[in-house]
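# Architecture at a glance
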Amino acid sequence: MGMCYGNPVSDRKRKFAPGSPHIASAKRSKKPGLRIGGLPEDILSSIISKLPLKEAARTSILSSQWRRIWLCRANIDLSYHTVFSQSDKVRGWTTRGNILNRLKFIKSVGVVLQQHEGVGTENIRISFHLCDRYADHMDKWVKYTIASKAKGLILELLSMKFGPTIVRYNFPLQMLDTKKNSSLRRLRLHFVSLCPPADFRGFQNLTRLCLQDVNITNEDLQRLLSEGNHLECFRIACCETLTSLRIPHYVNRLKFLLVLSCPLLQDITLDCVVPALHYRGPLIPLELAAPSKLTNLWVELSSCHSALGFISSELPTTIPHLEMLTFRCSQFERADVVSRLRSFLSLRHLVLDLTITDLPRRTIDILDLGYLPEAAPFVEKLELHMVMDCLHKSYCQEDGELRSLPICPHSHLSLVTITGFIGEKDQLELALHILHNAMVLKALKIYRLRSEERIADGRRVALDFLAESDHRNVVEVDGAFNSPS
């Protein structure tokens, strides 16, 4: 008997006819897809904020919802990397291309700020090579910042010092009058000129101010820091016209002051109470209000100096509350000041970052640093980072007996870190002095210079001589604890 087959075409039509059970089953099994537009707007805003500017702007054409999210972008970043395509960057290597890019940047900033509603704007950053020739455009950008009630403005007009004489943009401080702007809290200016008008009343609402490579006189800086401001953090760096820095007493909310690489600066006077100070530059007089409440001091000297000499002679005597001291310098000679070390009863954390440039090693004695815990009887952490830029020789027993300082038990030092350990005799003597006198020591960490793999004897010296005296198993060499064998 032959087999009978139905018509496959008519069967398929009946199977997928409207109202058939197959269609109902397909509808029930279909899972709803993920629609990114259905996410809450705060999540969408977070997503938009992480996109590059061009991609974020493109989302505004998707729908009215996406356009609203784009126009309410919290952070506006307009810079070389966010505005220009790869072809623009290549074009910028030519003189004509550089001019075209500058015009495109100015136009792009104007378009973005004009489209943006400014609602909920937190920070605006504009970073590009511009000078006073484009002041009209930049004035509009500053006005927009004020009108949008943004809380932060970063205006980085990157230096063009390698070209012809450049006139810097004169930042319009008069626009920051309190009545006109009560929202701006953070201001960072780079490569501008600052000339406060006669009726300027200071930054009444700013809490953070950063001036980098800014043209400003000593007198104008005093007017900038006028009475009644709320500054909490003030950073001034690479200002080549500043010769004297004085922070008046009424800047009484200041918590952190950074003074970095101002080449003509001759002195710093702090009439106000500043808990933390970071200074980088040559050794200059530092005068602090008496009594000072400075608790954290970071000094990086661009000139050669002795660490012990600085601590004993150069630190102001009016810092009884100093808890943390970080000192960085190059050292090429020994300072005979051990007998004149002052006491720092509040010091809890001491960091020394030293480049030893004694060629050959004849005058500097690292063992001298063993007197520091005696001068700071309550110090708990000691970090000694060394770069031995000199001829070196790792210690062996043929070099003679190891020296030791007078016994001076220390009852608070618990953590010591020494980096740049290459096994020099005085390095080993210092480590042994600490190991023998720190009564509550929990860890003595010894690290070699990672950049100088050719120096392998440092580890051997540490293992051979420190491990033998490590009865508490606290010595750690290059990340591994080493108990005596």
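As a convention, each chain's residues are numbered from 1 in the sequence order in which they are written. It should be noted that, the model being predicted, local features are given only for residues of pLDDT at least 70 and side-chain atom pairs only at 80 or more, the latter also being counted only at that level, while totals for whole chains, interfaces and linings use all residues. Derived side-chain values reflect all non-hydrogen atoms in the structure, with water molecules and hydrogen atoms excluded from consideration.

### Some remarks on empty space enclosed by the protein
In the cavity and pocket records, a cavity denotes points on a 1 Å grid over the protein atoms alone where a 1.4 Å probe fits but cannot get out, a pocket denotes an open set with protein on both sides within 12 Å along at least 5 of 7 lines, and lining residues are residues with an atom within 4 Å of a point. Grid points are joined across faces, edges and corners, and a volume is the space filled by probe spheres set on the points. Scanning all chains against the criterion turns up 4 cavities of 30 Å³ or more. Computed from the structure, the largest cavity encloses a volume of approximately 110 Å³. Along its surface, the largest cavity is lined by 13 residues, and Gln 331, Ile 364, Asp 365, Asp 368 and Leu 369 are the ones closest to its centre.

### Observations concerning unusual backbone geometry
A negative phi angle characterises most non-glycine residues, just as the trans form characterises most peptide bonds. Phi at Cys 238 takes a positive value of approximately 55°, unusual for a residue other than glycine. For Cys 238, a relative accessible area of 31% translates into the label partly exposed. The phi dihedral of Ser 261 falls on the positive side, at around 55°, and the residue is not glycine. Helix numbers and strand numbers start at the N terminus; a helix is a DSSP run of H or I with at least 4 residues, a strand a run of E with at least 2. Within the secondary structure, Ser 261 is located in the loop between strand S10 (256–260) and strand S11 (267–270). A simple rule labels every residue: compare its accessible area, found with a 1.4 Å probe on the protein chains alone, to the largest value its type can have, and call it buried under 20%, exposed over 50%, or partly exposed in between.

### With respect to helix H8 (residues 95–115)
Compared with an ideal rise of 1.5 Å per residue, which puts 21 residues at 30 Å, H8 spans 31 Å between its outermost C-alpha atoms and is within 8% of the ideal. Within H8 the residues assigned to the buried category are Gly 97, Asn 101, Arg 102, Phe 105, Ile 106, Ser 108, Val 109, Val 112 and Leu 113. For a helix, the expected span equals 1.5 Å multiplied by the number of residues minus one.

### Considering the side chain of Gln 212
Within the secondary structure, Gln 212 sits in strand S7 (residues 208–212). Since its relative accessible area comes to 17%, Gln 212 is described here as buried. Only heavy atoms enter the contact rule, under which two residues are in contact if any of them lie within 4.5 Å. Among all residues touching Gln 212, those that are not within four sequence positions of it are Arg 188, Leu 189, His 190, Phe 191, Arg 235 and Ala 237.

### A few points about the packing of aromatic side chains
Working definition: rings of Phe, Tyr and Trp (its six-membered ring) pair if their centres are within 6.5 Å, and the pair is stacked with planes under 30 degrees apart, edge-to-face with planes over 60 apart, and tilted otherwise. As enumerated under the stated definition, the model contains 8 aromatic pairs in all. With a centroid separation of 4.4 Å and 15° between ring planes, the pair formed by Phe 105 and Phe 128 is classed as stacked. Linking Phe 105 in helix H8 with Phe 128 in strand S2 (residues 123–128), this pair joins segments that are 23 residues apart in sequence. Take Phe 105 and Phe 128: they sit in the same class, and that class is buried. Considering the side-chain rings of Tyr 395 and Phe 465, the 5.2 Å spacing of their centres and the 65° angle between planes classify their relative orientation as edge-to-face. Taken together, the residues Tyr 395 in the loop between strand S17 (381–388) and strand S18 (415–419) and Phe 465 in helix H14 (residues 457–469) connect sequence positions 70 residues apart. For Tyr 395, a relative accessible area of 4% puts it in the buried group.

### Looking at the environment of Val 351
Residue position: Val 351 is located in strand S16 (residues 349–356). Judged by its relative accessible area of 8%, Val 351 is buried. As a C-alpha pair, Val 351 and Met 324 span 27 residues in sequence and 8.0 Å in three-dimensional space. Once you skip the residues sitting within four places of it in the chain, Val 351 turns out to touch Met 324, Leu 325, Thr 326, Phe 327, Glu 383 and His 385.

### A few points about the sheet that holds S11
Think of it this way: DSSP has to see at least two bridges between two strands before they count as a pair. Taking strand neighbours across the sheet as the criterion, the 3 strands line up as S9-S11-S13 in an open arrangement whose pairing is parallel. Of all strands in the sheet, those bounded by a partner on one side alone are strand S9 (244–247) and strand S13 (286–288). Mean inter-strand twist for the sheet, computed between neighbouring axes without regard to direction, equals 5°. Pairing of S11 with S13 involves 3 bridges; the strand directions are parallel. In the sheet register, Leu 270 faces S13, and the bridge partner there is Leu 288. Axis definition: a line fitted to C-alpha atoms, limited for helices to the stretch in contact. Angles are taken between N-to-C directions and run from 0 to 180 degrees.

Purely geometric numbers; function is a separate question.
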